[in-house]
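# Analysis of the macromolecular model
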There are 2 protein chains.
Amino acid sequence: MTDEEKAKYFQVALCSSLVLFGFDGEELKILVYKKLNDPFKGALVLPGKYIAPTVSNDQAIHELLIEKIAYDEHQTYIEQLKAFTKVFRNPLGRVVNVAYYALVKLTPQIQEKVKSQGGEWYAYDRVPDLAFDHNEIVQYAKERVKRRVKRRPVGFNLLGDEFTIAQLQSLYEKALNRELDKRNFRKKIFNSNLIIETGNTTDPKQHRKVSKLYRFDEEKYEKLSLKGYDFLF
Amino acid sequence: MTDEEKAKYFQVALCSSLVLFGFDGEELKILVYKKLNDPFKGALVLPGKYIAPTVSNDQAIHELLIEKIAYDEHQTYIEQLKAFTKVFRNPLGRVVNVAYYALVKLTPQIQEKVKSQGGEWYAYDRVPDLAFDHNEIVQYAKERVKRRVKRRPVGFNLLGDEFTIAQLQSLYEKALNRELDKRNFRKKIFNSNLIIETGNTTDPKQHRKVSKLYRFDEEKYEKLSLKGYDFLF
DNA sequence: GCAAAAGTGTTCACACTACACCCATGG
DNA sequence: CCATGGGTGTAGTGTGAACACTTTTGC
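Computed from a predicted structure; not experimentally measured. (Residues numbered from 1 in each chain as written. Chains lettered and ligands numbered in written order. Predicted model: local features only at pLDDT ≥ 70, side-chain atom pairs only at ≥ 80, totals over all residues. Heavy atoms only, no water.)

### A short note on the relation of the copies chain A and chain B
- Between chain A and chain B, the superposition needs a rotation of 179 degrees and an axial shift of 0.0 Å, giving an RMSD of 0.2 Å. Viewed as a symmetry operation, the transformation between the two copies matches a two-fold axis. (Least-squares fit on C-alpha atoms with pLDDT ≥ 70 in both.)

### Re the UniProt feature "domain: NrtR DNA-binding winged helix" (unreviewed entry) in chain A
- This chain's UniProt record puts "domain: NrtR DNA-binding winged helix" (unreviewed entry) on residues 155-216 of chain A.
- Taken end to end, residues 155-216 of chain A comprises 37% helix and 19% strand; its first and last C-alpha atoms sit 10 Å apart. (UniProt positions renumbered as here; feature names shortened; annotations may be inferred. Helix = DSSP H or I, 4+ residues; strand = E, 2+ residues; numbered from the N terminus.)

### What about the state of the cysteines?
- Evaluation of the coordinates by the stated rule reveals 0 disulfides over all chains.
- C15 of chain A takes part in no disulfide bond, and the closest cysteine sulfur to it belongs to C15 of chain B, at a distance of 18 Å. (Disulfide = S-S within 2.5 Å.)

### Quick look at the protein's contact with DNA strand D
- Inspection of the region around DNA strand D gives 17 residues, with N184, R208 and K209 of chain A together with K182 and K187 of chain B positioned closest.
- Here, DNA strand D places atoms within 4 Å of the protein, and 28% of those atoms are sugar or phosphate.
- Contacts to DNA strand D include D181 of chain A, whose side-chain N or O atom sits 3.2 Å from a base nitrogen.
- Residue K209 of chain B places a side-chain N or O atom 3.5 Å away from a base nitrogen belonging to DNA strand D.
- Elements with a minimum of two residues in the surface near DNA strand D: α6 (182-192) of chain A together with α6 (182-192) of chain B. (Near = heavy atom within 4 Å. Polar contact = N/O pair within 3.5 Å; in protein donor to acceptor, adjacent residues only side chain to side chain.)

### Things to note about a positive patch on the surface
- A cluster of basic residues, K182, R183, R186, K187 and K209 of chain A, forms a positive patch on the protein surface.
- Relative to the helices and strands, K187 of chain A is located in helix α6. (Patch = residues over 30% accessible without salt bridge, like charges linked within 9 Å, V, L, I, M, F, W, Y side chains within 5 Å. Areas by Shrake-Rupley, 256 points an atom, 1.4 Å probe, with all protein chains shown as cover. Salt bridge = Lys/Arg side-chain N within 4 Å of Asp/Glu carboxyl O. Lys, Arg positive; Asp, Glu negative; His and termini not counted. Charge placed at Lys NZ, Arg CZ, Asp CG, Glu CD.)

### Topic: helix α2 (residues 57-69) of chain A
Residues and elements named next belong to chain A.
- Relative to the 18 Å expected for 13 residues at 1.5 Å per residue, α2 spans 18 Å between its end C-alpha atoms, a close match to the ideal helical length.
- Turning to α2, its buried residues number three or more, namely N57, A60, I61, L64, L65, K68 and I69. Down the axis of α2, the sector holding all buried residues measures 135 degrees, keeping them to one side.
- Downstream of α2 by one or two residues, A70 has phi in the positive range, about 50 degrees. (Expected span 1.5 Å × (residues − 1). Buried < 20%, exposed > 50% of the residue type's maximum accessible area, 1.4 Å probe, protein only. Arc of directions from axis to C-beta.)

### Looking at the nonpolar core
- Core analysis: the largest hydrophobic core is formed by 46 residues, its most contacted members being L18, L20 and I69 of chain A together with L18, L20 and I69 of chain B.
- Excluding its chain neighbours within four sequence positions, the residues that come into contact with L18 of chain A are L46, P47, I61, L64, L65, Y100, Y101 and A102 of chain A. (Core = buried A, V, L, I, M, F, W, Y, C linked by side-chain atoms within 4.5 Å. Contact = heavy atoms within 4.5 Å.)

### Comments concerning the protein's contact with DNA strand C
- Close to DNA strand C lie 18 residues, the nearest being K182, R183, R186 and K187 of chain A together with R208 of chain B.
- Among the atoms of DNA strand C close to the protein, meaning within 4 Å, 31% are from sugar or phosphate groups.
- Between DNA strand C and R186 of chain A there is a distance of 2.8 Å, counted from a phosphate oxygen to a side-chain nitrogen or oxygen.
- Measuring from a base oxygen of DNA strand C, one finds a side-chain N or O atom of K187 of chain A at 2.9 Å.
- Elements with a contribution of two residues or more to the surface near DNA strand C: α6 of chain A together with α6 of chain B.
- Among the residues making up the surface near DNA strand C, the classes are represented as 2 nonpolar, 3 polar and 13 charged. (Nonpolar A, V, L, I, M, F, W, Y, C, P; charged D, E, K, R; others polar.)

In structure tokens form, the structure reads like this:
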């Protein structure tokens, strides 16, 4: 490649946006911010950042998650969505957005950190209009999550170490956007053998009736997934 | 963003590589080229090109397909795979590769065009080592195609307007990389109701016994897919 | 005693699997 | 007449969907 060609091609900027899904045991939510500077000052956008040529996208997303929610990387599922590449998606010039999504459990710590950063959570199906092409990114992320949840047990990243079957079901209902039958749900989950009873129960003061707590059997899943096992749903 | 920041960020180059799957009725193949200039002169690579900041990726892929195979865009399935973004994937500098894959039927015209361009087809499971991170891209593409073929009738793009059930089955066997039972295959395909008998048959001179030709019912598929219908397999 | 949430089985329909033989034709 | 490839049916198994009542306990 000649110097001239290099000058022609090497003038694109890179950024990454993140569709962060948080589950608080009740609602599945998406994180957005109000933009503090131009372009689109005041508009709502996904968390994101520009990426210097020397920085990897993974590194950038990692930094973004630290900065915005002080996350625990071992309990967070992250995956690239795809590149959003329209020529005029950003008024500053050609900016390619390599979008990601992540799934986290909403702990009080995260809630606080997000608040201090000016972030706002919106229910999964009530995300307002966003600037740039971020509506499209959110739409794409939702579809991806729906599919993933059906075929891989990614949902467990949205729950704590221990959870009740009811919480798990509620999560699946939110992500799949439809109601599920309690008995069928339990059957399916227990048949998968990927859930282990921990022996603990919920705090009897919080609910009428205590319920058993379970955890996800990661080891067994690793083994199964090596054999090309598909979850279910 | 200050001018300084702009200078810092706007120095990435964009390229797109294409994993082109071709089916000739027998074998499912992938197209590669021998690289004519540095870096990696002489190595095998996927077809691809650098993308100027003013050109969209879709446009670039379109041009690439025209240039390499003179394709018919209405009979070709194209989809973005994802962005490959490693910092040091290209010795020239930071180059983000937004990879695509496409599915085409190998007509004699395409075969000829490819030959004249110096392209070579390799059987799906016998693609040799490629330069850059193209092995990884091919691997990713194969997995994507396998999944797509299971859930959406994309396979039909690899066949002509009319095809026999045997051809269709052979294609599925190649893409899924396993053998299928003839009777079960026919049952599944006909139950989907997405296949229409055209009334024509294969040329009696070519085979011992003529067989019926079918075509894909695109209209019906459009309707079904709006309702969230998943193909099968 | 009642509201709220946990927990539990059965039946039916459908889809997937495995499996073997006859037919038409060209050579 | 035989080699090639097209075409066909059944039985068994497993999975998904629909559906209602009992138990516990805080108030």
